[in-house]
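In case you want the letters, here they are:
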Amino acid sequence: MSDESRRPAGGGPEGAEQMIAEARKAFFVMFGFLAIVWALQLANWAQQYGLSRDYGLVSGDLGTLPDLLTAPLLHWSWAHIESNSGALFIFGFLAAYRGVARFLGLTLLVAMTSGLTVWFFERGNVETVGASGLIFGYFGYVVVRGLFDRHLIDTLIGVVMAGSFAYMLTVAVPGTPGVSWLGHLGGLVGGVVGAWVFRDRRGPRPAGPARIAGTGHPRSDLHKELGDLGLLD
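Residues numbered from 1 in each chain as written. Predicted model: local features only at pLDDT ≥ 70, side-chain atom pairs only at ≥ 80, totals over all residues. Heavy atoms only, no water.

Undergrad: Explain the confidence of the model for the chain to me, using residue names and the numbers behind them.
TA: Within the chain, residue pLDDT values average 83, and 81% of them lie at 70 or more. The model gives residues 1–12 a pLDDT under 50, and that stretch makes 12 contacts with residues more than four places away or in other chains. The model gives residues 203–223 a pLDDT under 50, and that stretch makes 16 contacts with residues more than four places away or in other chains. (pLDDT = per-residue confidence, 0-100. Contact = heavy atoms within 4.5 Å.)

Here is the structure:
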């Protein structure tokens, strides 16, 4: 029997190996992402947080509109970045382990929805920076992704994350003092939208007769059963 006819289904060893490979990529992507954020924090601190002042997002200021892509990488203090780092890694990893390319698209979408929400609705003369908008976006994505993809494992992960971190939603409601609740809310909405935009569009494989590689002829039920038992070479 040829190698092609022995290929396992999507839930078999190859599917598990692919998932592990993607998880490994996701780990290194998030590790590198956090390394960049912390390197920027060090440079920012050395300049007395001049980077946050120069590249922060200010509501209604056209000159700062491009900074919606840089503001999530900057923070106002060591306590600020420390409070964000753990959640950023956890939710970022869970968002990325199904595909790094999809994750990068999601990150861009969430940065835009979070930043634009701040830019349009935050009160004036407030410079907003921080990765919390991304965190809420990844959180929203992870919670609902399994529903759109109809994937059992991701659905279970979403249920666990929603139950474990539901308290996060308390800082995404109007009037929450001391934080950019608008950025949190905009990121959360972006994550949910991203779960739909980047959903798995591959439909179920159409049913049909199994074929032996190279022959083009349907396998009979007897041939299939003998092959499954390893009695055909």
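Undergrad: Which residues make up the environment of Thr176, and what values go with them?
TA: One can find Thr176 in the loop between helix H6 (152–164) and helix H7 (181–197). On the basis of relative accessible area, Thr176 is assigned to the buried category, the value being 13%. When near neighbours in sequence (up to four residues on either side) are disregarded, Thr176 contacts Thr170, Val171 and Trp181. (Helix = DSSP H or I, 4+ residues; strand = E, 2+ residues; numbered from the N terminus. Buried < 20%, exposed > 50% of the residue type's maximum accessible area, 1.4 Å probe, protein only.)

Undergrad: Describe unusual backbone geometry, naming the residues involved and giving the relevant values.
TA: Positive phi, normally seen in glycine, also occurs at Gln48, with a value near 55°. Tracing the chain through its elements places Gln48 in the loop between helix H1 (13–46) and helix H2 (50–55). At Arg150, a position not held by glycine, the phi torsion is positive, near 55°. With respect to the secondary-structure elements, Arg150 resides in the loop between helix H5 (132–149) and H6. Overall, Arg150 belongs to the exposed group, its relative accessible area being 75%.

Undergrad: A description of the packing of helix H3 (residues 78–96) against H5 should follow, citing residues and the corresponding values.
TA: Two elements in contact, H3 and H5, have axes whose closest approach is 9 Å; the angle formed by their N-to-C orientations is 35°. Two packed elements cross with a definite hand, and for H3 against H5 that hand is left-handed. Here H3 contributes Asn84, Ala87, Leu88, Phe91, Gly92, Leu94 and Ala95 to the contact with H5, which in turn contributes Ser132, Leu134, Ile135, Tyr138, Phe139, Tyr141, Val142 and Arg145. For the contact of H3 with H5, a count of residues per class yields 11 nonpolar, 3 polar and 1 charged. (Axes fitted to C-alpha atoms, helices over the stretch in contact; angles between N-to-C directions. Left-handed = near helix turned anticlockwise from the far one by under 90°. Nonpolar A, V, L, I, M, F, W, Y, C, P; charged D, E, K, R; others polar.)

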